[in-house]
Amino acid sequence: MNKTFEVDISPEEAFDEALFKPAILKKLNLTDDGNLFLKPLRRSIDARGRKIIVKFLVELVDKQQAVKETSRASEYKDVSQSRQVIIVGAGPAGMFAALRLIELGVKPVIIERGKDVQARRRDIAAINKAHIVNPDSNYCFGEGGAGTYSDGKLYTRSKKRGDIKRILEILVEHGAGNEILYDAHPHIGTNKLPLLVAQLRETILKYGGEIHFNTRVVDFTIQDDRIKGVVTHENNVIEGESIILATGHSARDIYSLLHKKNILIETKPFAIGVRVEHQQSLIDKIQYHCEDRGDYLPASSYSLVHQAKVNGKERGVFSFCMCPGGFIVPAATQPGEIVVNGMSPSRRDSKFSNSGIVVAVDESDFLEYSIHGPLAGMYFQAAIEKQACELAGGSQAAPAQRLVDFTENKISSSLLDTSYQPGLVSLDMKSALPPFIAESLKQGFKNFTTKMKGYLTNEAQIVGIESRTSSPVRIPRLKETLEHPQIKNLFPCGEGAGYAGGIVSAAMDGERCAESAARFER
(Lines give C-alpha, C1' and ligand atoms only; values in the text may rest on other atoms or scores of the structure.)
Protein backbone atom coordinates (compact mmCIF):
# COMPACT_ATOMS: atom_id res chain seq x y z
CA MET A 1 0.00 0.00 0.00
CA ASN A 2 1.65 3.24 -1.20
CA LYS A 3 -1.13 5.79 -1.42
CA THR A 4 -1.52 9.48 -0.69
CA PHE A 5 -4.48 11.00 1.15
CA GLU A 6 -5.67 14.49 2.03
CA VAL A 7 -6.80 14.66 5.65
CA ASP A 8 -8.08 17.50 7.88
CA ILE A 9 -7.40 17.25 11.62
CA SER A 10 -7.43 19.57 14.63
CA PRO A 11 -4.38 21.63 15.67
CA GLU A 12 -3.98 19.50 18.79
CA GLU A 13 -3.93 16.30 16.72
CA ALA A 14 -1.57 17.87 14.18
CA PHE A 15 1.06 19.17 16.59
CA ASP A 16 0.95 16.48 19.30
CA GLU A 17 3.11 13.53 18.22
CA ALA A 18 1.16 11.05 20.33
CA LEU A 19 -2.14 12.06 18.74
CA PHE A 20 -1.07 12.58 15.13
CA LYS A 21 -0.94 9.03 13.74
CA PRO A 22 -4.09 7.75 15.53
CA ALA A 23 -6.04 10.79 14.29
CA ILE A 24 -4.97 10.25 10.69
CA LEU A 25 -5.76 6.52 10.77
CA LYS A 26 -9.16 7.21 12.34
CA LYS A 27 -9.98 9.66 9.54
CA LEU A 28 -9.02 7.00 7.01
CA ASN A 29 -10.93 4.26 8.85
CA LEU A 30 -7.77 2.19 9.20
CA THR A 31 -6.38 0.17 12.09
CA ASP A 32 -2.70 0.27 12.93
CA ASP A 33 -1.48 -3.33 12.82
CA GLY A 34 2.12 -2.27 13.21
CA ASN A 35 2.88 -2.45 9.50
CA LEU A 36 1.80 1.04 8.48
CA PHE A 37 4.28 3.88 8.03
CA LEU A 38 2.78 7.39 7.84
CA LYS A 39 4.82 9.93 5.92
CA PRO A 40 3.67 13.59 5.96
CA LEU A 41 4.10 15.24 2.55
CA ARG A 42 2.54 18.64 3.24
CA ARG A 43 1.09 20.51 6.23
CA SER A 44 -0.78 23.81 6.22
CA ILE A 45 -3.13 25.66 8.57
CA ASP A 46 -6.56 26.74 7.32
CA ALA A 47 -8.00 29.51 9.51
CA ARG A 48 -10.59 30.78 7.03
CA GLY A 49 -13.58 29.16 8.70
CA ARG A 50 -14.99 29.39 12.20
CA LYS A 51 -13.12 26.21 13.12
CA ILE A 52 -9.37 26.12 12.50
CA ILE A 53 -8.10 22.95 10.86
CA VAL A 54 -4.73 21.63 9.79
CA LYS A 55 -4.65 20.17 6.29
CA PHE A 56 -2.31 17.27 5.63
CA LEU A 57 -1.21 15.44 2.55
CA VAL A 58 0.12 12.10 3.80
CA GLU A 59 1.51 8.98 2.22
CA LEU A 60 0.61 5.61 3.71
CA VAL A 61 3.31 3.01 3.17
CA ASP A 62 3.30 -0.71 4.00
CA LYS A 63 6.47 -1.23 6.03
CA GLN A 64 7.04 -4.66 4.51
CA GLN A 65 7.27 -3.10 1.05
CA ALA A 66 8.88 0.20 1.92
CA VAL A 67 12.60 0.84 1.99
CA LYS A 68 13.65 2.11 5.38
CA GLU A 69 13.87 5.87 5.47
CA THR A 70 17.46 7.10 5.49
CA SER A 71 19.13 10.47 5.24
CA ARG A 72 19.94 11.81 1.80
CA ALA A 73 22.78 9.86 0.23
CA SER A 74 25.41 12.55 -0.27
CA GLU A 75 27.85 12.20 -3.11
CA TYR A 76 30.74 14.09 -1.53
CA LYS A 77 34.29 13.10 -2.40
CA ASP A 78 37.78 14.12 -1.29
CA VAL A 79 38.74 17.18 -3.33
CA SER A 80 41.78 18.31 -1.34
CA GLN A 81 44.09 17.76 -4.33
CA SER A 82 41.65 18.86 -7.04
CA ARG A 83 41.55 22.01 -9.13
CA GLN A 84 40.01 24.86 -7.15
CA VAL A 85 37.30 27.49 -7.47
CA ILE A 86 37.20 30.54 -5.20
CA ILE A 87 33.94 31.51 -3.53
CA VAL A 88 33.70 35.02 -2.07
CA GLY A 89 31.20 34.86 0.79
CA ALA A 90 30.08 32.14 3.22
CA GLY A 91 26.34 32.78 3.17
CA PRO A 92 23.79 30.25 1.86
CA ALA A 93 24.82 30.83 -1.78
CA GLY A 94 28.50 30.40 -1.00
CA MET A 95 28.16 27.36 1.26
CA PHE A 96 25.83 25.49 -1.08
CA ALA A 97 28.07 26.37 -4.01
CA ALA A 98 30.94 24.80 -2.05
CA LEU A 99 29.00 21.60 -1.32
CA ARG A 100 28.00 21.25 -4.97
CA LEU A 101 31.59 21.78 -6.14
CA ILE A 102 32.70 18.97 -3.83
CA GLU A 103 30.08 16.69 -5.36
CA LEU A 104 31.49 17.60 -8.78
CA GLY A 105 35.06 16.88 -7.76
CA VAL A 106 36.23 20.50 -7.51
CA LYS A 107 37.90 22.04 -4.45
CA PRO A 108 36.06 25.10 -3.06
CA VAL A 109 38.06 27.85 -1.37
CA ILE A 110 35.71 30.15 0.55
CA ILE A 111 36.88 33.67 1.39
CA GLU A 112 34.75 35.20 4.17
CA ARG A 113 35.33 38.70 5.52
CA GLY A 114 33.60 37.90 8.82
CA LYS A 115 34.15 35.45 11.65
CA ASP A 116 32.98 31.90 12.18
CA VAL A 117 29.48 31.59 13.56
CA GLN A 118 30.56 31.13 17.19
CA ALA A 119 32.98 34.08 17.29
CA ARG A 120 30.41 36.20 15.45
CA ARG A 121 28.10 36.07 18.48
CA ARG A 122 30.36 38.44 20.46
CA ASP A 123 30.18 41.12 17.76
CA ILE A 124 26.40 40.79 17.57
CA ALA A 125 26.21 41.20 21.35
CA ALA A 126 28.37 44.32 21.06
CA ILE A 127 25.91 45.90 18.62
CA ASN A 128 22.94 45.21 20.89
CA LYS A 129 24.53 46.17 24.20
CA ALA A 130 27.32 48.64 23.45
CA HIS A 131 26.12 50.00 20.06
CA ILE A 132 29.48 49.02 18.50
CA VAL A 133 29.30 47.97 14.83
CA ASN A 134 32.15 45.86 13.47
CA PRO A 135 32.12 46.45 9.67
CA ASP A 136 33.29 42.88 9.01
CA SER A 137 31.32 40.95 11.63
CA ASN A 138 27.68 41.79 12.31
CA TYR A 139 24.15 40.59 11.52
CA CYS A 140 24.94 40.64 7.77
CA PHE A 141 28.60 39.57 7.57
CA GLY A 142 30.13 36.37 8.91
CA GLU A 143 29.69 32.64 8.53
CA GLY A 144 26.21 31.82 7.24
CA GLY A 145 25.59 35.39 6.09
CA ALA A 146 22.49 37.38 7.00
CA GLY A 147 20.42 34.19 6.98
CA THR A 148 22.12 32.80 10.11
CA TYR A 149 20.57 35.43 12.35
CA SER A 150 17.13 35.54 10.80
CA ASP A 151 13.86 33.68 11.05
CA GLY A 152 15.35 30.97 8.87
CA LYS A 153 12.42 31.07 6.46
CA LEU A 154 12.70 28.45 3.74
CA TYR A 155 9.68 29.35 1.64
CA THR A 156 10.49 30.46 -1.90
CA ARG A 157 8.61 31.12 -5.12
CA SER A 158 11.74 30.36 -7.18
CA LYS A 159 10.52 26.87 -8.00
CA LYS A 160 12.00 26.82 -11.52
CA ARG A 161 15.52 27.79 -10.48
CA GLY A 162 16.55 24.55 -8.84
CA ASP A 163 15.59 21.56 -6.74
CA ILE A 164 13.98 22.91 -3.56
CA LYS A 165 13.54 19.44 -2.08
CA ARG A 166 17.25 18.75 -2.51
CA ILE A 167 18.17 21.94 -0.62
CA LEU A 168 15.79 21.08 2.23
CA GLU A 169 17.15 17.53 2.44
CA ILE A 170 20.71 18.83 2.73
CA LEU A 171 19.57 21.13 5.56
CA VAL A 172 17.92 18.18 7.33
CA GLU A 173 21.10 16.17 6.85
CA HIS A 174 22.97 18.94 8.68
CA GLY A 175 20.61 19.30 11.62
CA ALA A 176 17.31 20.91 10.55
CA GLY A 177 14.08 19.24 11.67
CA ASN A 178 12.22 16.91 9.30
CA GLU A 179 9.15 19.15 9.41
CA ILE A 180 10.79 21.55 6.94
CA LEU A 181 10.24 18.87 4.30
CA TYR A 182 6.45 19.12 4.53
CA ASP A 183 5.46 22.41 6.16
CA ALA A 184 3.80 24.80 3.71
CA HIS A 185 5.93 27.67 5.05
CA PRO A 186 8.96 25.99 6.63
CA HIS A 187 11.41 27.77 8.90
CA ILE A 188 14.32 26.72 11.10
CA GLY A 189 14.70 29.51 13.68
CA THR A 190 17.61 31.71 14.59
CA ASN A 191 18.43 29.62 17.68
CA LYS A 192 19.05 26.50 15.55
CA LEU A 193 20.73 28.05 12.52
CA PRO A 194 24.22 28.64 14.02
CA LEU A 195 24.71 24.93 14.79
CA LEU A 196 23.41 23.97 11.34
CA VAL A 197 25.81 26.43 9.67
CA ALA A 198 28.70 24.99 11.68
CA GLN A 199 27.76 21.50 10.45
CA LEU A 200 27.78 22.71 6.84
CA ARG A 201 31.27 24.08 7.45
CA GLU A 202 32.46 20.77 8.88
CA THR A 203 31.26 18.90 5.78
CA ILE A 204 33.09 21.33 3.49
CA LEU A 205 36.31 20.96 5.47
CA LYS A 206 35.97 17.18 5.87
CA TYR A 207 36.03 16.64 2.12
CA GLY A 208 38.97 18.91 1.39
CA GLY A 209 37.47 22.37 0.96
CA GLU A 210 39.03 25.46 2.52
CA ILE A 211 37.40 28.33 4.44
CA HIS A 212 39.33 31.51 5.25
CA PHE A 213 37.58 33.66 7.87
CA ASN A 214 38.51 37.27 8.72
CA THR A 215 39.67 37.65 5.12
CA ARG A 216 38.31 40.56 3.10
CA VAL A 217 38.64 40.75 -0.68
CA VAL A 218 39.95 44.16 -1.76
CA ASP A 219 40.86 43.54 -5.40
CA PHE A 220 40.68 41.11 -8.29
CA THR A 221 43.51 39.89 -10.50
CA ILE A 222 42.37 40.12 -14.11
CA GLN A 223 44.32 39.33 -17.25
CA ASP A 224 42.96 39.59 -20.79
CA ASP A 225 39.40 40.05 -19.48
CA ARG A 226 39.71 36.80 -17.52
CA ILE A 227 39.64 36.74 -13.72
CA LYS A 228 42.56 34.85 -12.19
CA GLY A 229 42.10 35.35 -8.46
CA VAL A 230 41.46 37.73 -5.60
CA VAL A 231 43.64 40.01 -3.47
CA THR A 232 42.91 40.06 0.27
CA HIS A 233 43.23 42.93 2.74
CA GLU A 234 46.59 41.46 3.83
CA ASN A 235 47.77 41.73 0.20
CA ASN A 236 47.72 37.98 -0.33
CA VAL A 237 46.77 36.71 -3.80
CA ILE A 238 44.57 33.60 -3.91
CA GLU A 239 44.13 32.06 -7.34
CA GLY A 240 41.47 29.75 -8.72
CA GLU A 241 40.08 28.57 -12.04
CA SER A 242 36.90 30.58 -11.48
CA ILE A 243 35.48 33.02 -8.96
CA ILE A 244 31.93 32.72 -7.59
CA LEU A 245 30.97 36.12 -6.17
CA ALA A 246 28.44 35.41 -3.39
CA THR A 247 28.90 38.41 -1.10
CA GLY A 248 25.31 39.05 0.05
CA HIS A 249 23.27 42.21 -0.47
CA SER A 250 25.30 44.54 1.79
CA ALA A 251 28.82 44.29 0.35
CA ARG A 252 29.04 47.91 -0.75
CA ASP A 253 32.84 47.81 -0.96
CA ILE A 254 32.64 45.00 -3.56
CA TYR A 255 30.09 46.94 -5.61
CA SER A 256 32.38 49.99 -5.46
CA LEU A 257 35.38 47.87 -6.46
CA LEU A 258 33.56 46.47 -9.49
CA HIS A 259 32.56 49.98 -10.56
CA LYS A 260 36.07 51.34 -10.00
CA LYS A 261 37.54 48.62 -12.22
CA ASN A 262 34.95 49.34 -14.93
CA ILE A 263 33.39 45.90 -14.52
CA LEU A 264 29.78 46.08 -15.65
CA ILE A 265 27.26 46.54 -12.84
CA GLU A 266 23.67 47.82 -12.98
CA THR A 267 21.21 49.59 -10.72
CA LYS A 268 18.23 47.48 -9.60
CA PRO A 269 14.83 48.20 -8.02
CA PHE A 270 14.50 47.30 -4.35
CA ALA A 271 12.39 48.50 -1.40
CA ILE A 272 12.71 50.72 1.66
CA GLY A 273 10.44 51.20 4.66
CA VAL A 274 10.13 50.32 8.33
CA ARG A 275 9.48 47.44 10.72
CA VAL A 276 6.06 47.42 12.35
CA GLU A 277 5.84 45.72 15.74
CA HIS A 278 2.60 44.44 17.27
CA GLN A 279 1.86 42.23 20.22
CA GLN A 280 1.76 38.67 18.85
CA SER A 281 -1.49 38.10 20.75
CA LEU A 282 -3.19 40.81 18.65
CA ILE A 283 -2.05 39.26 15.36
CA ASP A 284 -3.22 35.85 16.60
CA LYS A 285 -6.61 37.29 17.53
CA ILE A 286 -7.01 38.86 14.09
CA GLN A 287 -5.79 35.86 12.10
CA TYR A 288 -7.26 33.02 14.14
CA HIS A 289 -10.49 34.84 15.09
CA CYS A 290 -10.12 33.89 18.74
CA GLU A 291 -8.99 35.45 22.02
CA ASP A 292 -6.26 32.88 22.68
CA ARG A 293 -4.61 30.59 20.12
CA GLY A 294 -4.02 27.92 22.77
CA ASP A 295 -1.15 25.52 23.20
CA TYR A 296 -1.01 23.96 19.75
CA LEU A 297 -1.47 26.61 17.09
CA PRO A 298 1.79 28.32 16.08
CA ALA A 299 2.21 32.08 16.23
CA SER A 300 0.28 33.47 13.27
CA SER A 301 1.73 35.48 10.43
CA TYR A 302 0.37 37.69 7.66
CA SER A 303 1.13 38.82 4.14
CA LEU A 304 -0.18 42.19 2.97
CA VAL A 305 0.10 44.28 -0.17
CA HIS A 306 -1.37 47.58 -1.37
CA GLN A 307 -0.93 49.82 -4.39
CA ALA A 308 -0.45 53.34 -3.09
CA LYS A 309 -0.66 56.39 -5.35
CA VAL A 310 1.70 59.27 -4.65
CA ASN A 311 2.25 62.24 -6.96
CA GLY A 312 0.40 60.40 -9.72
CA LYS A 313 2.62 57.31 -9.52
CA GLU A 314 1.49 53.93 -8.24
CA ARG A 315 3.82 52.20 -5.78
CA GLY A 316 3.73 48.78 -4.22
CA VAL A 317 3.58 48.73 -0.43
CA PHE A 318 4.00 45.24 1.01
CA SER A 319 4.93 43.18 4.04
CA PHE A 320 8.42 41.71 3.92
CA CYS A 321 10.12 39.04 6.05
CA MET A 322 7.26 38.77 8.54
CA CYS A 323 8.54 37.37 11.86
CA PRO A 324 5.83 35.96 14.15
CA GLY A 325 6.93 35.59 17.76
CA GLY A 326 10.16 37.35 16.87
CA PHE A 327 12.55 40.21 17.49
CA ILE A 328 13.71 43.34 15.69
CA VAL A 329 17.51 43.45 15.40
CA PRO A 330 20.13 46.07 14.39
CA ALA A 331 21.49 45.11 10.96
CA ALA A 332 23.86 48.02 10.23
CA THR A 333 27.16 47.14 8.57
CA GLN A 334 28.94 50.42 9.31
CA PRO A 335 29.00 52.82 12.29
CA GLY A 336 26.80 55.85 11.69
CA GLU A 337 23.86 54.08 10.04
CA ILE A 338 20.58 52.61 11.29
CA VAL A 339 19.26 49.45 9.66
CA VAL A 340 16.71 47.09 11.20
CA ASN A 341 15.75 43.53 10.35
CA GLY A 342 13.64 40.80 11.95
CA MET A 343 14.29 37.28 13.21
CA SER A 344 12.46 34.56 15.11
CA PRO A 345 13.52 31.58 17.24
CA SER A 346 12.30 28.15 16.18
CA ARG A 347 9.43 28.18 18.71
CA ARG A 348 8.42 31.71 17.71
CA ASP A 349 7.59 32.34 21.33
CA SER A 350 8.40 36.03 21.74
CA LYS A 351 5.41 38.14 22.76
CA PHE A 352 6.11 40.39 19.77
CA SER A 353 5.28 40.13 16.09
CA ASN A 354 7.19 42.21 13.55
CA SER A 355 7.27 42.63 9.80
CA GLY A 356 8.99 44.86 7.34
CA ILE A 357 6.48 47.13 5.61
CA VAL A 358 8.30 48.51 2.61
CA VAL A 359 7.79 50.59 -0.52
CA ALA A 360 9.16 49.74 -3.96
CA VAL A 361 11.79 52.17 -5.26
CA ASP A 362 13.41 52.32 -8.70
CA GLU A 363 15.89 54.28 -10.78
CA SER A 364 13.52 57.19 -11.40
CA ASP A 365 13.45 57.85 -7.64
CA PHE A 366 17.24 58.03 -7.42
CA LEU A 367 17.34 60.49 -10.31
CA GLU A 368 14.91 62.77 -8.51
CA TYR A 369 17.49 63.04 -5.74
CA SER A 370 20.22 63.78 -8.31
CA ILE A 371 21.91 60.42 -7.72
CA HIS A 372 23.13 58.85 -10.94
CA GLY A 373 25.02 55.82 -12.22
CA PRO A 374 24.93 52.09 -11.48
CA LEU A 375 25.51 52.64 -7.75
CA ALA A 376 22.70 55.20 -7.44
CA GLY A 377 20.45 52.85 -5.48
CA MET A 378 23.24 52.00 -3.07
CA TYR A 379 23.97 55.69 -2.39
CA PHE A 380 20.25 56.42 -2.00
CA GLN A 381 19.93 53.55 0.49
CA ALA A 382 23.03 54.64 2.45
CA ALA A 383 21.91 58.28 2.67
CA ILE A 384 18.59 57.29 4.29
CA GLU A 385 20.34 55.00 6.80
CA LYS A 386 22.83 57.71 7.79
CA GLN A 387 20.13 60.35 8.16
CA ALA A 388 18.11 58.06 10.43
CA CYS A 389 21.14 57.49 12.62
CA GLU A 390 21.84 61.22 12.93
CA LEU A 391 18.22 62.02 13.78
CA ALA A 392 18.13 59.31 16.46
CA GLY A 393 21.31 60.53 18.18
CA GLY A 394 24.15 58.70 16.45
CA SER A 395 24.04 55.36 18.30
CA GLN A 396 22.20 52.16 17.37
CA ALA A 397 19.02 53.39 19.10
CA ALA A 398 16.44 53.43 16.31
CA PRO A 399 13.85 56.08 15.41
CA ALA A 400 10.29 54.96 16.17
CA GLN A 401 6.69 56.18 16.29
CA ARG A 402 3.35 54.71 17.29
CA LEU A 403 1.44 53.47 14.29
CA VAL A 404 -1.68 55.67 14.41
CA ASP A 405 0.46 58.68 15.35
CA PHE A 406 2.49 58.10 12.19
CA THR A 407 -0.60 58.06 9.97
CA GLU A 408 -1.92 61.22 11.70
CA ASN A 409 1.39 63.14 11.68
CA LYS A 410 1.70 63.21 15.48
CA ILE A 411 4.94 62.75 17.38
CA SER A 412 4.44 59.98 19.94
CA SER A 413 4.71 61.27 23.52
CA SER A 414 5.76 57.77 24.59
CA LEU A 415 6.75 54.53 22.93
CA LEU A 416 5.80 50.95 23.69
CA ASP A 417 7.87 48.12 25.05
CA THR A 418 9.96 46.66 22.24
CA SER A 419 12.04 43.63 21.27
CA TYR A 420 14.71 45.92 19.78
CA GLN A 421 17.55 45.72 22.32
CA PRO A 422 19.53 48.90 21.54
CA GLY A 423 16.41 50.99 22.34
CA LEU A 424 14.12 53.44 20.56
CA VAL A 425 13.96 57.21 20.11
CA SER A 426 10.60 58.90 19.50
CA LEU A 427 10.66 60.81 16.21
CA ASP A 428 8.32 61.95 13.50
CA MET A 429 9.26 59.14 11.14
CA LYS A 430 8.47 61.13 8.05
CA SER A 431 11.61 63.18 8.84
CA ALA A 432 13.66 59.98 8.50
CA LEU A 433 12.11 58.88 5.20
CA PRO A 434 11.79 60.40 1.72
CA PRO A 435 8.32 62.00 1.45
CA PHE A 436 7.06 59.57 -1.19
CA ILE A 437 7.97 56.57 1.00
CA ALA A 438 6.35 58.08 4.11
CA GLU A 439 3.14 58.87 2.21
CA SER A 440 3.05 55.42 0.59
CA LEU A 441 3.42 53.79 4.00
CA LYS A 442 0.57 55.85 5.44
CA GLN A 443 -1.72 54.77 2.64
CA GLY A 444 -0.60 51.18 3.08
CA PHE A 445 -1.27 51.05 6.81
CA LYS A 446 -4.75 52.52 6.35
CA ASN A 447 -5.51 49.90 3.70
CA PHE A 448 -4.11 47.03 5.76
CA THR A 449 -6.55 47.62 8.59
CA THR A 450 -9.43 47.03 6.14
CA LYS A 451 -7.93 43.58 5.51
CA MET A 452 -6.94 42.87 9.12
CA LYS A 453 -9.36 44.67 11.43
CA GLY A 454 -7.41 46.07 14.37
CA TYR A 455 -4.05 46.16 12.58
CA LEU A 456 -3.88 49.98 12.62
CA THR A 457 -3.56 50.73 16.32
CA ASN A 458 -1.48 52.91 18.61
CA GLU A 459 -0.65 49.72 20.50
CA ALA A 460 1.73 49.03 17.62
CA GLN A 461 4.76 51.04 16.53
CA ILE A 462 7.04 51.42 13.55
CA VAL A 463 10.82 51.17 13.86
CA GLY A 464 13.21 52.31 11.15
CA ILE A 465 14.92 51.88 8.83
CA GLU A 466 14.14 48.64 6.91
CA SER A 467 16.39 49.16 3.89
CA ARG A 468 18.26 45.91 3.13
CA THR A 469 15.33 44.09 1.54
CA SER A 470 17.45 43.10 -1.44
CA SER A 471 20.52 44.20 -3.32
CA PRO A 472 20.33 47.74 -4.79
CA VAL A 473 22.44 46.56 -7.73
CA ARG A 474 22.56 43.67 -10.15
CA ILE A 475 25.81 42.19 -11.40
CA PRO A 476 24.89 41.02 -14.92
CA ARG A 477 25.56 37.50 -16.14
CA LEU A 478 24.90 35.48 -19.27
CA LYS A 479 21.69 33.47 -19.12
CA GLU A 480 23.19 30.27 -20.52
CA THR A 481 26.49 30.11 -18.60
CA LEU A 482 25.84 32.42 -15.59
CA GLU A 483 29.21 33.98 -16.38
CA HIS A 484 29.73 37.75 -16.31
CA PRO A 485 29.35 39.07 -19.89
CA GLN A 486 32.57 41.05 -19.68
CA ILE A 487 34.89 39.09 -17.35
CA LYS A 488 35.53 35.43 -18.11
CA ASN A 489 35.29 32.88 -15.25
CA LEU A 490 33.50 35.36 -12.95
CA PHE A 491 30.15 34.06 -11.72
CA PRO A 492 27.93 36.62 -9.92
CA CYS A 493 25.76 34.69 -7.48
CA GLY A 494 22.93 34.90 -4.96
CA GLU A 495 21.32 37.88 -3.26
CA GLY A 496 24.35 40.12 -3.58
CA ALA A 497 24.33 39.81 -7.36
CA GLY A 498 20.56 40.32 -7.57
CA TYR A 499 19.51 36.73 -8.34
CA ALA A 500 18.00 35.46 -5.08
CA GLY A 501 15.81 36.55 -2.20
CA GLY A 502 16.22 34.23 0.78
CA ILE A 503 18.03 31.16 2.07
CA VAL A 504 16.61 28.58 -0.34
CA SER A 505 16.73 30.68 -3.51
CA ALA A 506 20.30 31.74 -2.65
CA ALA A 507 21.30 28.11 -2.02
CA MET A 508 19.81 27.01 -5.34
CA ASP A 509 21.59 29.82 -7.16
CA GLY A 510 24.84 28.83 -5.45
CA GLU A 511 24.44 25.30 -6.78
CA ARG A 512 23.73 26.52 -10.31
CA CYS A 513 26.79 28.79 -10.30
CA ALA A 514 28.92 25.94 -8.95
CA GLU A 515 27.79 23.68 -11.77
CA SER A 516 28.65 26.35 -14.34
CA ALA A 517 32.00 27.18 -12.71
CA ALA A 518 32.96 23.50 -12.58
CA ARG A 519 32.60 23.26 -16.37
CA PHE A 520 35.13 26.02 -16.97
CA GLU A 521 38.82 25.22 -17.11
CA ARG A 522 41.64 27.61 -17.88
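Quick summary incoming for the structure in this document. (Residues numbered from 1 in each chain as written. Predicted model: local features only at pLDDT ≥ 70, side-chain atom pairs only at ≥ 80, totals over all residues. Heavy atoms only, no water.)

Description of the pairing of strand 18 (residues 398-402)
With respect to burial, strand 18 is a largely interior element, five of its five residues being buried. Where strand 18 lies against strand 19 (residues 424-426), three bridges are found, and the strand directions are parallel. Bridge pairing in strand 19 places Ala398 opposite Leu424. When strand 18 meets strand 20 (residues 461-466), the two strands line up antiparallel, connected through three bridges. Note that in strand 20 the partner of Ala400 across the bridge is Val463. (Buried < 20%, exposed > 50% of the residue type's maximum accessible area, 1.4 Å probe, protein only. Helix = DSSP H or I, 4+ residues; strand = E, 2+ residues; numbered from the N terminus. Pairing = 2+ DSSP bridges.)

Things to note about the pattern of salt bridges
Within the structure shown, the criterion is met by 34 salt bridges. Among the ionic pairs, Glu459 bridges to Arg402, the shortest N-O distance being 3.6 Å. Here Arg402 lies in strand 18 and Glu459 lies in the loop between helix 12 (435-451) and strand 20, a separation of 57 residues in the sequence. A salt bridge links Asp428 to Lys430, with the nearest nitrogen and oxygen atoms 2.5 Å apart. Take Asp428: its relative accessible area is 16%, and that puts it in the buried class. Connected via shared salt-bridge partners are Arg100, Glu103, Arg166, Glu511 and Glu515. (Salt bridge = Lys/Arg side-chain N within 4 Å of Asp/Glu carboxyl O.)

Topic: the sheet that holds strand 10 (residues 243-245)
A sheet is described by the order of its strands in space; here five strands give the open sequence 6-5-4-10-22, paired in parallel fashion. On the outer flanks of this sheet lie strand 6 (210-212) and strand 22 (490-492), each paired with one strand and no other. Strand-to-strand twist in this sheet, taken as the mean axis angle between neighbours without regard to direction, amounts to 20°. Relative to strand 6, strand 5 (residues 107-111) is paired through three bridges, and the arrangement is parallel. Its bridge partner lying in strand 6, Ile111 is registered against His212. (Axes fitted to C-alpha atoms, helices over the stretch in contact; angles between N-to-C directions.)

Section: the packing of helix 5 (residues 164-173) against helix 14 (residues 503-519)
As a packed pair, helix 5 and helix 14 sit with axes 10 Å apart at the nearest point and diverge in direction by 105°. Here helix 5 is positioned roughly perpendicular relative to helix 14, judged by the angle of their axes. Seen from helix 5, the contacting residues are Ile164, Arg166, Ile167, Leu168 and Ile170; seen from helix 14, they are Val504, Ala507, Met508 and Glu511. Considered class by class, the residues forming the contact of helix 5 with helix 14 number seven nonpolar, no polar and two charged. (Parallel < 35°, antiparallel > 145°, perpendicular 65-115°, else oblique. Contact = heavy atoms within 4.5 Å. Nonpolar A, V, L, I, M, F, W, Y, C, P; charged D, E, K, R; others polar.)

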